[in-house]
Amino acid sequence: MKLYCLNGDPAKPCSILSFKELLIMLDCGLNVKTVLNFLPLPLVQSSRFSSLPNFIPRDHDAQIDGELKECCGRIFVDSTPEFAPPLDKIVDFSEVDVILISNYMNMLALPFITEGTGFNGTVYATEPTLQIGRFFLEELVEYIEVAPKAVVASQWKDILHALPAPLSESYKPKCWKHIFSMDAVHNSLARVQIAGYDQKLDIYGALQVIPVSSGFCLGSSNWILSSGHEKVAYISGSSTLTTHPRPINQSALKYADVIIMTSLTQAPHVNPDGMLGELCMNVAVTLRNGGSVLIPCYPSGVVYDLFECLSTNLDNAGLSQVPMFFISPVADSSLAYSNILAEWLSSGKQHKVYIPDEPFPHAMLVKNSRLKHFKHIYSEGFSTEFRQPCVVFCGHPSLRFGDAVHFVELWGSNPIHTIIFTEPDFPYVQALAPFQPLAMKAIYCPIETSLNFQQANKLIKELKPGCLVIPESYTQPPVMVPHKVDLVIDQLPDKQLITFKRGEVVKLPLKRKRNRVYLMPEIAQNIVPHEVQPGMNVASVTGILQVKDNLHDIRRIEEDPNKLSFPLKASKYEWGALDIDLFVKKLTQDGITDIKNGTKWTRCGHPAAQ
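Every value quoted in this text rests on a predicted model; they were computed, and no experiment measured them.

Procedures and definitions
Residues numbered from 1 in each chain as written. Predicted model: local features only at pLDDT ≥ 70, side-chain atom pairs only at ≥ 80, totals over all residues. Heavy atoms only, no water. Helix = DSSP H or I, 4+ residues; strand = E, 2+ residues; numbered from the N terminus. Contact = heavy atoms within 4.5 Å. Salt bridge = Lys/Arg side-chain N within 4 Å of Asp/Glu carboxyl O. Buried < 20%, exposed > 50% of the residue type's maximum accessible area, 1.4 Å probe, protein only. Pairing = 2+ DSSP bridges. Axes fitted to C-alpha atoms, helices over the stretch in contact; angles between N-to-C directions. Parallel < 35°, antiparallel > 145°, perpendicular 65-115°, else oblique. Nonpolar A, V, L, I, M, F, W, Y, C, P; charged D, E, K, R; others polar. Core = buried A, V, L, I, M, F, W, Y, C linked by side-chain atoms within 4.5 Å. Domains from an automatic or database assignment.

Chemist: Help me understand the environment of L468 in this model?
Modeler: Note that L468 resides in strand β20 (residues 467–471). Along the chain, L468 and I260 lie 208 residues apart, while their C-alpha atoms are 6.2 Å from each other. Once residues lying within four places of it in the same chain are set aside, the contact partners of L468 are I259, M261, I460, I489, Q496, L497 and I498.

Here you go:
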């Protein structure tokens, strides 16, 4: 068994597992951090960005004139943002048999993998993962398509060594790609087959895969891969906290031969509850001072909890008259869909559905006009409804495209306004870099519900795996807190720990020792077992071993040789000189005792069945 790592960001994993002659892709996360190297895409022409001075490195000609811009000591590419898809040279995507998606955050690279590559496999995901993943992909494509760039910059990639950091540290920028089309999104999602929690899915007869609840977000799942004698657990994007998704199913993950663990928290040094309280406090302070608050967000996930917590906090602070705006191309679909997912919710949320009542309070907030949602800032009715002070939830968290770009430009020069970052996917200092100098307050309150290192270590001890496989970065303290030596995955004394990194192929200590063989009814009914000791029976079997679709069957030998697809040899085979003492010793080692040594030994069964 081998594991191929195709992505360098453990929070957006993409790996391939070779197991029983199958290639199984585990998630297809997309590295979106590359967009931070590009200038934002404003919805309208921005004099600020267009007036930035060009940057040309020393000792190089002017071929890249206009491709690079300088802002407050940082260099940005003036072009349509590009993304780093999973590595495609290690494994041919056309040979991938199946893709298992853990959650909607880890499927943004799916069109890069399934479209135009010859991919002909099957994709499995839960219904919420498919539908909410659709929202994420459609929003991402529309954000970039509504603000196209006139030119595409590419020459800067040839002089990477001459550019300042962090641009010079970019990993293989020539492999970066522009976003896929909306047609590619729809075609790739059409390949996805829906799977329910605890549903047993047969993979070409060789494996059985089962999605089990991971507790991270709506429809998120961990995957169990098992054959007759091996068990592999893939843990990605899991949480032991009590939020709106169904709780994590730990029992199903126990005693696996191999556990592959990824997508631990990106903010291990903070507590999500503390960050939520700090967010509410900063929002209230800003609103009391007459300012407005911008919260860059995704169209689903933590934003649901923010609606609930923030509305309650504003009511308690006497700010219930302050409107909240949710702006996204998929805002209406996301809000509506979240209220019909009873089976994927926690028991508390499910109880509200059966009362009946909406599981999320944002349905009532919309009815009472506390929460107003629009596709874009230029949508009909927005200019009429918009008033300040207010709280605006909109994307994209990278601040490189989407309506959030407009609000940063609108409010950036006024210190009474505040921008609060809740998504840990992007370093907020880099996200704000092209907007500097910035007068509005910037607050970093990452709300990350994925397993932290303490929770992960506790979970691993309870699951008791035979071998643990993790990204190499999990064995070292995070870059932002290098002194926190406890923020690592512990090496258990009695367990093997294997690490991997981008572009690496690692061998996993799982070897196939046995396989299940099925007896056809016509063979089984003629078996006459003989008891060799209490509780142990032995019988000889003669037949033909047929292997088809990874299933092993012993079938009856046809009496008519013409019906066989191969010539039938003689029915008796010479064994040669037999060391009886050695043979008896071997039988005894296998638990067969009370052996009677006869005077004549004959063959027992067809060699194909031995």
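Chemist: Please explain the pattern of salt bridges as it appears in this structure.
Modeler: Opposite charge on two side chains makes pairing possible when the charged atoms of those side chains draw close. On inspection of all chains with the given rule, the structure shows nine salt bridges. Residue K12 pairs with D425 through a salt bridge whose shortest N-O separation is 3.1 Å. With K12 in the loop between β1 (2–5) and β2 (15–19) and D425 in the loop between β18 (418–421) and α12 (428–432), this pair connects stretches of sequence that are 413 residues apart. When the shortest N-O distance is used, the salt bridge between E115 and R191 registers 3.0 Å. Within this pair, whereas E115 is found in the loop between α2 (110–114) and β7 (122–125), its partner R191 is found in the loop between α4 (182–189) and β8 (192–194), the two being separated by 76 residues in sequence. The partly exposed category is assigned to E115, whose relative accessible area is 21%. Residue class for R191 comes out partly exposed when judged on its relative accessible area of 27%.

Chemist: What is the right way to read the sheet that holds strand β16 (residues 371–374) from this model?
Modeler: What links the strands of a sheet is backbone hydrogen bonding, and the strands pair in either a parallel or an antiparallel sense. Within the open sheet, the six strands sit side by side as β16-β15-β17-β14-β18-β19. Their pairing is parallel. In this open sheet, the two strands that pair with only one neighbour each are β16 and β19 (441–444). Averaged over all adjacent pairs, the angle separating strand axes in this sheet is 20°, with direction ignored. Sheet topology note: the strand β15 (residues 324–327)/β16 ladder contains four bridges and is parallel. In the sheet register, I327 faces β16, and the bridge partner there is F374. Along the sheet, helix α6 (residues 302–316) makes contact with β14 (293–296), β15, β16 and β17 (391–394), crossing β17 at roughly 170°.

Chemist: Is there a simple way to think about the packing of helix α3 (residues 127–145) against α4 in this case?
Modeler: What describes two packed helices is the angle between their axes and the distance between those same axes. Axis separation between α3 and α4 bottoms out at 10 Å; the angle between their running directions is 170°. By the angle between their axes, α3 is roughly antiparallel relative to α4. Here L130, R134, L137, E138, V141, E142 and E145 of α3 lie close against α4, whose contacting residues are M182, V185, H186 and L189. Grouping the constituent residues of the contact of α3 with α4 by class yields six nonpolar, one polar and four charged.

Chemist: I'm lost on the sheet that holds strand β10 (residues 207–213) in this one. Help?
Modeler: Spatial ordering of the open sheet is given by β9-β10-β11-β12-β13-β20-β21, a layout of seven strands whose pairing is mixed. Of all the strands in the sheet, just β9 (201–203) and β21 (496–500) have a single pairing partner and so form its edges. If you compare each strand with its neighbour and ignore which way they point, the axes differ by 20° on average. Pairing analysis gives six bridges linking β10 to strand β11 (residues 221–226), with the strands arranged antiparallel. Note that in β11 the partner of Q208 across the bridge is S226. Lying on the sheet, helix α13 (residues 453–463) is in contact with β12 (231–236), β13 (258–262) and β20; it crosses β13 at an angle near 165°.

Chemist: Where do I start with the nonpolar core in this structure?
Modeler: Nonpolar side chains in soluble globular proteins tend to be buried together. Counting 112 residues, the largest nonpolar core has M25, C28, I99, L279, L310 and F393 as the members making the most contacts within it. Per-element accounting of this core gives the leading share, nine residues, to α3. Summarising the domain contributions, this core has at least three residues from each of domain 1 (2–29 + 86–148 + 180–265 + 450–507) and domain 2 (272–444). For I99, the residues in contact, after removing those within four places along its chain, are M25, C28, L110, I113, T114, F119, T122, V123 and Y124.

Chemist: When you look at the side chain of S328 in this model, what are you seeing that I'm missing?
Modeler: Tracing the backbone through its elements, the reader meets S328 in the loop between β15 and α7 (331–337). Residue S328 is classed as buried on the basis of its relative accessible area, which comes to 1%. Beyond its immediate sequence surroundings of up to four residues, S328 is in contact with E139, Y143, P299, F374 and K375.

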